[in-house]
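Chain by chain, the residues:
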Amino acid sequence: MSAISGGVGSARFCAGLVRNLDPRELTIVVNTGDDERIRGLLICPDIDTVLYHLSASTDWTRGWGLAAETFVADERYKELASRLGGDADLQAWFALGDRDLATHQLRARLLDTGRTLTETTAAIARALDVEATIIPMSDEPVRTVLTIATGEELDFQEYFVHRRQADEIIEVAYSGAIKASPAPGVVDAISTADAVFIPPSNPILSIAPPLAIAGIRDALATAQGVRVGVSPIVGGKALKGPADRVLASLGHDVSPAGVARVYEGLLDVFVIDEADATYAPEIEELGMHAFVCDTIMSGPEEAARVAKTILDHVVHH
Ligand code: FO1
């Protein structure tokens, strides 16, 4: 099986999947549009989020970083930066936990010694005892760039972390996507899987970047297995993050049907929450089967239960 993954919602769903199958059967293709060099280190937030969820070491509620984390180095950095006037260019607005820092240093060292991001990610997964295959969408840089109402273009972390998603987005670009190739293994994982999941992540900021790479979109469009999406919008709101506001400001309906329309032609089944059962007919009109169940993943047990319901009723039925 495979999944095309963004951050928290995707990672929760994939953590649920591996509780119900042999993790070695799962390949997760992860968005790298949010990646950014922070204080000299390449941070790959969505890859980290997936790795930490699958190694059961994440802070489930916060969604990113490690559980029981300390921030001694980060506080020291912020203190030194503030003595220099706290200039935004020093990126003191980003938090790097002490133990999380080790992941970024390991990634930096592996990349510096000539490994690709694919090889580096596989090595970090091995170090964390993650048995599922985790692949970045591409080894080439693709960056999500957001144009806000003032006309300014923001890098993803500037929008998301520094400015706390407060700006209205009027345009989203996936810089580098047109010439980027899918990373080794990506196309095969999507084309030949018995099921491909698009978990409940932001369709514009998390899932659109991998789908902006032509080889990935084509692989999904022509995949052999059943293609299953899960709505990140429940009861008119995003489960986590700014998906509701981003969909609205780009003119999409803030509903499971609005999300399903973004994936038109790419999915066979769209899973929606019980709270949204009335959207089923609108989704079926898009040529997808609508499957209704409880999709709320408030903890690892709930995520395992949601994944099991979907596996039992949609994939293995
Ligand atoms: N998100 C925040 O809101 N604040 C942070 O300081 C922050 C630090 C951070 C460090 C490592 C990492 O892997 C992720 C981190 N995130 C942080 C999460 C993050 O950048 C976003 O949630 C994603 O990019 C959105 O998918």
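Above this note sits the structure.
I will try to describe carefully the structure that is included in this document. The model shown is predicted, which means the values in this text are computed figures rather than measured ones. (Residues numbered from 1 in each chain as written. Predicted model: local features only at pLDDT ≥ 70, side-chain atom pairs only at ≥ 80, totals over all residues. Heavy atoms only, no water.)

## Some details on the packing of aromatic side chains
A complete count under the given rule lists five aromatic pairs for this structure. The aromatic ring of Tyr 77 is capped on one face by Arg 39, whose charged end is 4.1 Å from the ring centroid. The ring of Trp 64 has Arg 62 sitting right over it, with the charged end atom 4.6 Å from the ring centre. (Phe/Tyr/Trp six-rings, centres within 6.5 Å; stacked < 30°, edge-to-face > 60°. Lys NZ or Arg CZ within 6 Å of the ring centre and 35° of its normal.)

## Describing the nonpolar core
One recurring pattern in soluble globular proteins: nonpolar side chains tend to sit buried together. Judged by nonpolar contacts, the single largest core of 47 residues is most densely connected at Ile 190, Leu 211, Tyr 263 and Phe 270. Ranked by size, the runner-up nonpolar core spans 43 residues in total, among them Ala 3, Ile 47, Leu 110 and Val 271. (Core = buried A, V, L, I, M, F, W, Y, C linked by side-chain atoms within 4.5 Å. Buried < 20%, exposed > 50% of the residue type's maximum accessible area, 1.4 Å probe, protein only.)

## Focus on the pattern of salt bridges
Scanning all chains against the criterion turns up 16 salt bridges. Between Arg 107 and Asp 48 there is a salt bridge, with the nearest N and O atoms lying 2.7 Å from each other. With a gap of 59 residues between them, Arg 107 in helix α4 (residues 98-112) and Asp 48 in helix α2 (residues 45-54) connect regions that are remote in the sequence. Among the residues examined, Asp 48 registers a relative accessible area of 5% and is labelled buried. One salt bridge in this structure joins Arg 83 and Glu 79, with 2.5 Å as the shortest N-O distance. You can see Arg 83 and its partner Glu 79 sitting in helix α3 (residues 72-83), four residues apart, about one turn around the helix. What makes Arg 83 exposed here is its relative accessible area of 57%. Taking relative accessible area as the criterion, Glu 79 reaches 34% and is therefore assigned partly exposed. The network of salt bridges with shared partners includes Glu 152, Glu 158, Arg 163 and Asp 167. (Salt bridge = Lys/Arg side-chain N within 4 Å of Asp/Glu carboxyl O. Helix = DSSP H or I, 4+ residues; strand = E, 2+ residues; numbered from the N terminus.)

## Digging into the environment of Ala 219
Along the polypeptide, Ala 219 turns up in helix α9 (residues 214-221). Under the relative-accessibility criterion, Ala 219 is labelled buried at 3%. Sequence separation between Ala 219 and Ala 303 is 84 residues, and the spatial gap between their C-alpha atoms is 27 Å. Aside from chain neighbours lying at most four places away, what touches Ala 219 is Val 187, Ile 190 and Ser 191. (Contact = heavy atoms within 4.5 Å.)

## Structural notes on the sheet that holds strand β10 (residues 226-230)
The strand order across the open sheet built from seven strands is β5-β2-β1-β9-β10-β13-β14, with neighbouring strands paired in parallel fashion. Sheet topology places β5 (133-136) and β14 (289-293) at the edges, where each strand pairs with a single neighbour. Here the average twist between neighbouring strands, direction ignored, is 20 degrees. Note: strand β2 (residues 27-30) against β5, four bridges, orientation parallel. Within β5, the position partnered with Ile 28 by the bridge is Ile 134. Along the sheet, helix α1 (residues 8-17) contacts β1 (2-5), β2, β9 (195-198) and β10; its crossing angle with β1, the most-contacted strand, is approximately 165 degrees. (Pairing = 2+ DSSP bridges. Axes fitted to C-alpha atoms, helices over the stretch in contact; angles between N-to-C directions.)

## Notes on the sheet that holds strand β6 (residues 143-148)
Either a parallel or an antiparallel arrangement is found when strands of a sheet pair, and the pairing is made through backbone hydrogen bonds. The strand order β7-β6-β8 describes an open sheet built from three strands, whose pairing is antiparallel. The outermost strands of the open sheet, each flanked by one partner alone, are β7 (153-155) and β8 (169-175). Sheet twist, expressed as the mean angle between neighbouring strand axes with direction ignored, is 30 degrees. When β6 meets β8, the two strands line up antiparallel, connected through six bridges. The residue of β8 that forms the bridge with Thr 147 is Glu 171.

## Here we look at unusual backbone geometry
In this structure, Asp 129 is a non-glycine residue whose phi angle is positive, near 60 degrees. Positionally, Asp 129 belongs in the loop between α5 (117-127) and β5. Classification of Asp 129 as exposed rests on a relative accessible area of 67%. The backbone of Gln 165 shows a phi angle near 55 degrees, a positive value even though the residue is not glycine. Topologically, Gln 165 is positioned in the loop between α6 (156-162) and β8.

## Thoughts on the pairing of β6
Successive residues of a regular strand alternate their side chains across the two faces of the sheet. Of all six residues making up β6, five are buried, and the element is well covered by its neighbours. Pairing between β6 and β7: three bridges, direction antiparallel. Following the sheet pairing, Val 145 is matched in β7 by Asp 155. As consecutive antiparallel partners, β6 and β7 are separated by four residues, and within that stretch Gly 151 has a phi angle of approximately 95 degrees, a positive value.

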